[in-house]
Amino acid sequence: MSTDTPGARPAGTLSVVRALLRKELLVELRTLESVPGMSLFAVTTFVVFHFALNRNSVDGDLAAGILWVTLLFAAMLGVNRLFVADADQGGFDGFLLAPVDRSAMLLAKALALLAYLVVLELVAVPAFGLLLLSPPLGRALPELIGVLALADVGIAAIGTLVAALAVRTRARDLLGPLLALPLLVPIVLGGARASSPLLALGHATGPAGRWLLTLGLYDLVFGLIAYALFDFLLED
Amino acid sequence: MTAVADGAVSRKPTAEPGSAKRPDAVFGKGLRALSISTVVVMAIALGLVFFWVPLEADQGFLQKIFYVHVPLAIVSLCGFVVGGIFAIQHLRTREQKWDFRSYVAIHMSLIFGVATLITGSIWAKGSWGHWWEWNEPTLVSFLIVFLLYATYQPLRFAIEDPERQSRYASVFAVTAGAFVPLNFIAVRASTQFLHPRVLGATSNLPWQMSLTFVVSLVGMALLFTTLCKYELTVKHTRAQLRALRRLAERRAGTATSATPPPRGRSAAPSLHATAMTAHSPGASSPERLG
């Protein structure tokens, strides 16, 4: 969109993103709709895993699997809520009326989702270490944080695109996870394979470089895809 | 999903007599030649498979499913990617016909995908003794891709507004089309132990097997193209027929009112009778796989 009036300067994308992100976080802080639910869900899921598997402690592949499945499904809750307020209460219309770059919304929403995921992991990972993990968490933590950060970027990019795709359909709560889960399989795969040696009892080796590479490339490609396609979802 | 797709392209057809009757609006041009060549190539391929190509030493007769399963899989994956390319065209040009083609390509690829999974399972059962084999990355990634595309129809189905439906479906088709190769790379990287297989690599096959495989692949691609063209033709013809019928009703004064008929529950893209007139079918047939 261009501004025809000579006096008005189009707002820079960065400041728009900052404003939108601030609004997102403020809304979340005031309503507490997503993050507490996601965190609580994750902790409850650990408890469910304890009973379902009949194990008091886990390590290695099993630990990585439990951690990633839990984080993935908790992230789904956030993805499902991400655009609901905008769709139901006219947030999209307000945004479309403003003469700003539409990609700003993608960036702001993805950053907001990223922030939710970080908070979720701040709760879920220590809880996991406390409740289920048998090797001490502290040793694995620095490398695990790196893996989680890479995966979070991918989840945020794909999650935002899928959330925007699903939010204005009937049965959006169903379509969101159905669309997102297959798209996130490579992220879970990379994340789980990279973190399983970290969570093993011996803690022999660090994460294999190729998994980090896979995650990084996947983040990059889907970041670009989301950037290229997001505008088309906002056209009415 | 066929039931859904066949469930009528029943969007209010804007009846414009000129466009509906125009002969070049017929979609099925070249269909006869295409059908005949498909039948011939498929017959040659099956003849080669059953009567000519030597038995494989390890697996014997079972290995012959290779000439059906692998072409099915390749054609189906290519169809998904082609659907994504059509979707890019749709997003760029906003012409309904590209969405229509994208829909048909993905729809047909889904059907081919079911066939791929079934033949793959039969092969896995025969050679490894299990119906499913997680160590085979190609099989696993195909399943993931299939599961993703299985949400294509529900997504279309869940959006009421035809314009937005085709736009969102195109966004999905582009994303998923890009996901196909990425997913294969990621899953392949995940498998430590690769089965020593001949999949795709025709170089280390005896030449009879390579030749048979290539002929089967061409036959399958032709079959895909022909079926797509048939679906395009049928849907287009049906839409035109509806438009003409409504026009006739209006002329006879028996039309109930100006309100359009109730829209059927359909995931197929809305196809106005006028939507196709910009398209000249003689120029090219882009739904051909090559």
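Look above for the structure.
Residues numbered from 1 in each chain as written. Chains lettered and ligands numbered in written order. Predicted model: local features only at pLDDT ≥ 70, side-chain atom pairs only at ≥ 80, totals over all residues.

Let us look at the overall build of chain A. Within chain A, the regular secondary structure consists of nine helices and zero strands. Counting from the amino terminus, chain A carries its helices and strands in the arrangement α-α-α-α-α-α-α-α-α. Taking 2.2 N^0.38 as the reference for a compact globule, 236 residues should give roughly 18 Å; the C-alpha atoms of chain A span a radius of gyration of 19 Å, in line with that estimate. When its C-alpha atoms are laid out on the principal axes, chain A stretches across 65 × 35 × 30 Å. Across the 236 residues in chain A, those meeting the buried criterion constitute 47%. Pairs at least 24 residues apart make up 86% of the contacts formed inside chain A by residues separated by at least 6 positions. (Helix = DSSP H or I, 4+ residues; strand = E, 2+ residues; numbered from the N terminus. Rg over C-alpha atoms; globule rule 2.2 N^0.38 Å. Buried ≥ 20, exposed ≤ 12 C-beta atoms within 10 Å, placed from the backbone. Contact = placed C-beta atoms within 7 Å.)

So, on to the overall build of chain B. A tally of helices and strands in chain B yields nine helices and zero strands. Ordering the α and β elements of chain B from the N terminus gives α-α-α-α-α-α-α-α-α. The 290 residues of chain B split such that 42% are buried. Long-range contacts, defined as pairs at least 24 residues apart, comprise 85% of the intrachain contacts of chain B with a sequence gap of at least 6.

Here we take up the interface of chain A and chain B. Taken together, the contact between chain A and chain B spans 25 residues of the former and 24 residues of the latter. Considering every element that reaches the side of chain A that touches chain B, the biggest residue donor is helix α8 (residues 172–195) of chain A, with 10 residues. Split into classes, the residues belonging to the side of chain A that touches chain B amount to 17 nonpolar, three polar and five charged. (Nonpolar A, V, L, I, M, F, W, Y, C, P; charged D, E, K, R; others polar.)

Nonpolar side chains tend to gather and get buried jointly when the protein is soluble and globular. Ranked by internal contacts, the top residues of the largest apolar core, which has 136 residues, are Ile158, Leu161, Val162 and Leu165 of chain A together with Phe172 of chain B. Sorting elements by how many residues they give to this core places helix α7 (residues 137–167) of chain A first, with 18 residues. If sequence neighbours within four positions are ignored, Val162 of chain A has contacts with Val79, Gly176, Leu179, Ala180 and Leu183 of chain A. (Core = buried A, V, L, I, M, F, W, Y, C linked by C-beta atoms within 7 Å.)

Residue and element names in this part refer to chain A. In this model, Leu32 sits at a positive phi of 50°, which is unusual for a non-glycine residue. With respect to the element layout, Leu32 can be found in the loop between α1 (13–31) and α2 (35–53). Overall, Leu32 belongs to the exposed group, with 10 C-beta atoms counted inside 10 Å. The residue Ala171 is not glycine, and still its phi comes out positive at about 55°. The residue Ala171 is located in the loop between α7 and α8 in this model.

Looking now at the environment of Ala19 of chain A. One can find Ala19 of chain A in helix α1. Along the primary structure Ala19 of chain A and Ala108 of chain A are separated by 89 residues, whereas in three dimensions their C-alpha atoms are 8.5 Å apart.

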